Amino acid sequence: MPIYDPDHVEYSINSGHVQIIMDDGKQLPAYWAHPQFGRKFPGAVIIHDWWGLTAMVRRMANLFAQMGHYVMVPDLFDGLEASTPREAMRLVEALGDKGYARIDTALNVLETHHQCNASVAAVGIGMGGTLAFQAAIERDDLEATVAYAGFPGKYFGQFEKSNTPIYAFYGSQEPHIPAKSIQRLGTELGQTKHDISHRVEIIPTIAHEFF
């Protein structure tokens, strides 16, 4: 049984690993999934959590593609994956502040791809949700941002500048992000200067690991 609307068209897809050329000429590895045939499709950049570009994230990309999206998942850790929180933290520390440039490059690729209709969203999980918040604030050409358990604290005071609709999901039992921070996020999103709608969704009985 599908986990999404069964009346939605389901596309046959192609998927695999590709290399994206960064502005500095370096190659950025990424996972790529898209419908095999059809018109131009909307795009989504999925931003993985601190575990890396895992099989779960690739399945998520495939699901988006089956629903009719061109999907790109930049590999922020260059092929490395973590199996423990300590390993994950080491990968995050090694990445430093270089993550957003990779996300920005992937978004640019989809915005200009000949099979994408330039309607592009950033979708992030955990650490990726945090970077999705940054994309919503810094870019003015996105149609949506979805953050699953993203950490908002770094961007408090900046959310009102976002003209991208932000949809943020948190579990009611979230252990890492204080409830007052999630409440403040909702307050700041309600003070946007732009005529758009944001939303913070609290899912009952769920903690931090959505997937």
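Per chain, residues are indexed from 1 in the order of the written sequence. Where local features are concerned, this predicted model is filtered to residues with pLDDT of at least 70; where side-chain atom pairs are given and counted, the filter is 80 or more; whole-chain, interface and lining totals use all residues. With hydrogens and water excluded, all non-hydrogen atoms of the structure serve as input to the side-chain values.

**Some details on the pattern of salt bridges**
Then step 1. Just to be clear on terms, a salt bridge is a Lys or Arg side-chain nitrogen sitting within 4 Å of an Asp or Glu carboxyl oxygen. Evaluated as defined, the whole model comprises five salt bridges.
Then step 2. Glu188 is the salt-bridge partner of Arg184, the closest N and O atoms lying 3.0 Å from each other. Of this pair, Arg184 and Glu188 both sit in helix H5 (residues 179–189), four residues apart, which is roughly one turn of the helix.
Then step 3. Relative accessibility decides the category of a residue: with a 1.4 Å probe and only protein chains considered, values under 20% of the type maximum give buried, values over 50% give exposed, and everything between is partly exposed. With a relative accessible area of 10%, Glu188 lands in the buried category.
Then step 4. Taken together, the shared-partner salt bridges in this structure form one network comprising Asp104, Arg139 and Asp141. Counting from the N terminus, the helices are the DSSP runs of H or I reaching at least four residues and the strands are the DSSP runs of E reaching at least two.

**Things to note about the layout of surface pockets**
Then step 1. A cavity here means a set of 1 Å grid points, computed over protein atoms only, where a 1.4 Å probe fits but cannot escape. A pocket is an open set with protein on both sides within 12 Å along at least 5 of 7 lines, and lining residues have an atom within 4 Å of a point. Grid points are joined across faces, edges and corners, and a volume is the space filled by probe spheres set on the points. In this structure, the largest pocket occupies an estimated 500 Å³ of space.
Then step 2. If you trace the largest pocket, you find 22 residues lining it, with Val92, Gly126, Met127, Thr130 and Phe151 closest to the centre.
Then step 3. Of all the secondary-structure elements, those providing two or more residues to the lining of the largest pocket are helix H2 (85–95), helix H3 (99–112) and helix H4 (127–138).
Then step 4. Top element by residues in the lining of the largest pocket is H4. It accounts for four residues.
Then step 5. For the lining of the largest pocket, the residue count by class is 10 nonpolar, seven polar and five charged. Classes in brief: Ala, Val, Leu, Ile, Met, Phe, Trp, Tyr, Cys and Pro nonpolar; Asp, Glu, Lys and Arg charged; the others, Gly included, polar.

By themselves, these are just geometric observations and shouldn't be taken as functional.
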